Amino acid sequence: MSSENSSADDVQRVWDVVVVGAGPAGASAAYAAAVAGRRVLLLEKAELPRYKTCGGGIIGPSRDALPPGFELPFRDRVHAVTFSLDGRFSRTRRSKQMLFGLINRPEFDHQLVEHAQKAGAELRTGVTVSRVEQHGSAVPDRRTVAVVLQGGETLLARAVVGADGSASRIGAHVGVKLDQVDLGLEAEIPVPETVAEDWKGRVLIDWGPMPGSYGWVFPKGDTLTVGVISARGEGAATKRYLEDFIGRLGLAGFEPSVSSGHLTRCRADDSPLSRGRVLVCGDAAGLLEPWTREGISFALRSGRLAGEWAVRIAEAHDAVDTRRQALNYAFAIKAGLGVEMSVGKRLLTAFQRRPGLFHAALTGFRPAWKAFVDITRGSTSLGEIVRSHPLAQRALTALDR
């Protein structure tokens, strides 16, 4: 569309799909809808690239959900994991093949957005969505959603995807319910070459002192990403854990370039994934792995599904058809990610009670380490292991008790 007539059209222009939020979930949704040949607008309140609190581990399922031709901007490739139990009983396990890769989120997210743009999506940054309306004076007909921006401008769409993160405005509109909230704290610590060399290709996972907590060190060239996560409401203890962790690692003398915190939110089982012509995905839907709180693979996979189903909702002519497509989207999410989440919830409950058991299994029990390797490399999933291995089923049932 040429710029001369755009101002006249913009009043009436109806986008097929408007995606709110340009993180991995939003960029994936925009890409999927644009590849299908639809007119897609991607909205982001920050300017890109922008920093995000995130370990930045790219496991197999994340890699497999990326657009074709996507070159991962790896800062390091992980072949070894050191496990410790609140700083003790440290043991390193190695793998000949790469377990997973480490990226910087600003770079990775920006690259995903560029792929969506190449596929035909239009990007607008520096815009905040204040609300969406599906009825009322702003909405010309039943097939349209009004996306109202801060400052009053209204955009019209046939379908909206909410990918606006864990404090989502669109999630509130849909009525997303959350039943697990955790606080992640993280420091990006630039280190001298000798220290960086010691961490190259190896991550540390420390099972922490509070129930369900753990810490990590992810090396990214000349910077170490050091973080901890624990249930919300333990703010002071979580902060102390991070300080002790950094001290134990001998990193207290280095000044972090970034220190940040972030709440991760996990959906309740009966939480809705849509309302009318509006779908939610990624953090906005509360989709993440409950035990590890890994969110990137959930964002990429749910984003792609949301983009594909938003296209069908955009084509729906009435409320009945819209509802059918929205239910199909919910079914697709629950059949894949939902199964993984329910296993993850059971694992978290067991881990909260017996972290030492998990540590012993991963460091001393070959099948447990093999499962860890297979899951991170993407050759299987938690749900798949429990479904297809009677031993895993029995172990999980025993842990439940």
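Everything quoted here is computed from the prediction, not taken from an experiment.

> When you look at the pattern of salt bridges in this model, what are you seeing that I'm missing?
Two side chains with opposite charge may pair up if their charged atoms get near one another. Scanning the entire structure with this criterion turns up 22 salt bridges. Its salt-bridge partner being D64, residue R63 comes within 3.3 Å of it at the nearest N-O pair. Under the relative-accessibility criterion, R63 is labelled partly exposed at 39%. Classification of D64 as partly exposed rests on a relative accessible area of 47%. Note that R124 is salt-bridged to E153, the shortest N-O span being 3.1 Å.

> Mind showing me how you'd approach the sheet that holds strand β14 (residues 214–220) here?
Whenever strands of a sheet pair, they do so through backbone hydrogen bonds, lying parallel or antiparallel. What the 7 strands build is an open sheet, ordered β6-β5-β13-β14-β15-β12-β16; its pairing is mixed. Lying at the two open borders of the sheet, with one neighbouring strand each, are β6 (88–94) and β16 (258–267). Ignoring strand direction, the axes of neighbouring strands in this sheet form an average angle of 20°. Looking at chain direction, strand β5 (residues 80–85) and β6 are connected through 5 bridges and run antiparallel. Across the sheet, residue F83 finds its bridge partner in β6, namely R91. Where helix α9 (residues 319–353) meets the sheet, its contacts fall on β12 (178–190), β13 (202–207) and β16, and the angle it forms with β16 comes to roughly 110°.

> Looking at this structure, how should I read the confidence of the model for the chain?
Interpretation of this model should avoid reading the predicted coordinates in detail wherever pLDDT is low. Per-residue pLDDT for the chain averages 94, and the proportion of residues at 70 or more is 97%. Within the model, pLDDT remains below 50 along residues 1–10, and this stretch shows 4 contacts once partners closer than five positions in the same chain are excluded.

> What is the right way to look at the side chain of D109 in this model?
If you trace the backbone, D109 turns up in helix α4 (residues 105–118). D109 sits in the buried class, given a relative accessible area of 1%. Looking at D109, its side chain comes within polar contact range of the side chain of R50, at 2.9 Å. Ignoring anything within four residues of it in the chain, the contact list for D109 reads G23, P24, R50 and K52.

What counts as what
- Residues numbered from 1 in each chain as written.
- Predicted model: local features only at pLDDT ≥ 70, side-chain atom pairs only at ≥ 80, totals over all residues.
- Heavy atoms only, no water.
- Salt bridge = Lys/Arg side-chain N within 4 Å of Asp/Glu carboxyl O.
- Buried < 20%, exposed > 50% of the residue type's maximum accessible area, 1.4 Å probe, protein only.
- Pairing = 2+ DSSP bridges.
- Helix = DSSP H or I, 4+ residues; strand = E, 2+ residues; numbered from the N terminus.
- Axes fitted to C-alpha atoms, helices over the stretch in contact; angles between N-to-C directions.
- Contact = heavy atoms within 4.5 Å.
- pLDDT = per-residue confidence, 0-100.
- Polar contact = N/O pair within 3.5 Å; in protein donor to acceptor, adjacent residues only side chain to side chain.

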